[in-house]
2 protein chains.
Amino acid sequence: MSKTANVRPKRASRRPETGANGDAAIDLGRLPQIVGYMLRRAQLAAFQDFLRSYAEAEIRPAQYAVLTVIERNPGLKQSQVSTALGIKRANLVALLDSLENRGLAKRVPVATDRRSYALHLTDAGTALMGKLADINAAHEKRVSAKIGESGRRELLKLLHGIVDAVGPSTLDEDEA
Amino acid sequence: MSKTANVRPKRASRRPETGANGDAAIDLGRLPQIVGYMLRRAQLAAFQDFLRSYAEAEIRPAQYAVLTVIERNPGLKQSQVSTALGIKRANLVALLDSLENRGLAKRVPVATDRRSYALHLTDAGTALMGKLADINAAHEKRVSAKIGESGRRELLKLLHGIVDAVGPSTLDEDEA
């Protein structure tokens, strides 16, 4: 980790680069200038901070996203959540099982379609989401500490641009 | 997927938002304004394009990163690659097994340390990396199609800022 607040991307490699890690002896070549590589490093960093921030509430990023979408769209079906968030079907089932076991969300049978369930938050789930809002504000502030609020807005705009360029995606395999 | 080139982040939610997906009927709430959420969506999009781009070469993002680092630092140890790229030790072992089986990289025993190996590209690995450079340029251009080259540079700068704010990270668990 660089100890300065310098956030300029590293230049073409005349000398070894440190990129997103702290080992000055290792030359990362072009990696720190590759969008996909840096997106992955930044995403891992943000998720790391998220996991720390929400450790007490025992909420992981995908759980937070699912709870948000169910809260904003009560009665949503699993397939809709899966599409909206780009979460694989099988992963979503396990995730909902966990939320249901913890009493945060519930699956309600749909009279008109025996195979599907309408998703709702429980009262406990709604109460939890209220508490999480403050944690999220602090988390956002921490991950954006070096780029500031205007940098954060600019970053969001650019990230929407990347998603728009490629189209929606889920990965059907592990990404390692 | 929005059909316009509009990359502005969506405003506070007076109406349902479409965010990073195409389903206008689903309200994603604050998710499209959360850095971690959008980093994940953009990273998945970029990796999706990477996987398509490199499908013929059968190279995945992490393999590309590992090959790059070995090429730039011949003789590197596994533990150094693991630290530099934030790849979990166990995942790296499997990844190197695969590269070695395909004849792209090799582990050379280190005389002074029986437990560690020095990593090198084979001639085939070096030749492959030469070919991949062109694919990478086209991939970068595609993912940056909506934000342009200046947006791409700005994005890299901001992503380095996110990593610098949180510190280097690996995830020891699945991220779903």
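The sections below set out a description of the structure shown in this document. Quick caveat: nothing in here was measured; it's all calculated off a predicted structure. (Residues numbered from 1 in each chain as written. Chains lettered and ligands numbered in written order. Predicted model: local features only at pLDDT ≥ 70, side-chain atom pairs only at ≥ 80, totals over all residues. Heavy atoms only, no water.)

### So, the pairing of strand β2 (residues 105–110) of chain B
Residue and element names in this part refer to chain B. Selection criterion: At least two bridges found by DSSP between two strands is the condition for calling them paired. Labels follow the DSSP assignment, with helices taken as runs of H or I lasting at least four residues and strands as runs of E lasting at least two, numbered in each case from the N terminus.
Taken together, the six bridges between β2 and strand β3 (residues 113–121) define a ladder with antiparallel strand orientation. Residue pairing across strands places Pro109 opposite Tyr117, the latter belonging to β3. The antiparallel hairpin formed by β2 and β3 contains two residues in its connecting segment.

### Concerning the relation of the copies chain B and chain A
Heads up, the rule is: A least-squares fit on C-alpha atoms brings the copies together, and the residues used are those whose pLDDT is at least 70 in both copies. Contact criterion: two residues are considered in contact whenever any of their non-hydrogen atoms come within 4.5 Å of each other.
With an RMSD of 0.0 Å, the operation that places chain B on chain A is a rotation of 180° combined with a shift of 0.0 Å along the axis. As the rotation angle and translation indicate, the two copies are arranged about a two-fold axis. When the interface residues of chain B are mapped onto chain A, 100% of them again fall at the interface, so both copies present the same face.

### Description of the interface of chain B and chain A
For clarity, the threshold we go by: Take a side-chain nitrogen of Lys or Arg and a carboxyl oxygen of Asp or Glu: if they are within 4 Å of each other, that pair is a salt bridge. N or O atoms within 3.5 Å of each other form a polar contact, as long as, within protein, one can give a hydrogen and the other can take it, and as long as residues adjacent in sequence are counted only when both atoms are side-chain atoms.
Contacts between the two partners involve 85 residues from chain B, matched on the other side by 86 residues from chain A. Between chain B and chain A we count two salt bridges in total. Counting across the interface, chain B meets chain A through 14 residue pairs in polar contact (both at pLDDT 80 or more). Of all the secondary structure elements, the ones that give two or more residues to the side of chain B that touches chain A are α1 (35–53), α2 (61–72), α3 (78–85), α5 (123–143) and α6 (148–166) of chain B. In terms of residue count, the dominant contributor to the side of chain B that touches chain A is α1 of chain B (17 residues).

### A look at unusual backbone geometry
Here the phi dihedral of Glu58 of chain A falls at roughly 55°; this positive angle occurs in a residue that is not glycine. Counting through the fold element by element, Glu58 of chain A comes out in the loop between α1 (35–53) and α2 (61–72).

### Brief notes about the sheet that holds strand β1 (residues 76–77) of chain B
Residue and element names in this part refer to chain B. For the record, the criterion: Every axis in this analysis is a line fitted to C-alpha atoms, fitted for helices over the stretch in contact. Angles between the N-to-C directions lie between 0 and 180 degrees.
The strand order across the open sheet built from three strands is β1-β3-β2, with neighbouring strands paired in antiparallel fashion. The open sheet is flanked by β1 and β2, the only strands paired with a single partner. Packed onto the sheet, α2 meets β1, β2 and β3 and runs at close to 100° relative to β3. Each of β2 and β3 is contacted by helix α4 (residues 89–101), which is oriented at about 110° to β2, the strand it contacts most.

### Focus: the sheet that holds strand β1 (residues 76–77) of chain A
Residue and element names in this part refer to chain A. Reading across from one edge, β1-β3-β2 is the order of the three strands in this open sheet, with antiparallel pairing throughout. Every other strand in the sheet has two partners, leaving β1 and β2 (105–110) as the edge strands with one partner each. In this structure, β1 lies alongside strand β3 (residues 113–121), joined through two bridges in antiparallel fashion. What sits directly across from Leu76, in β3, is Leu119. Packing against the sheet, α2 makes contact with β1, β2 and β3, and its axis sits at approximately 100° to β3.

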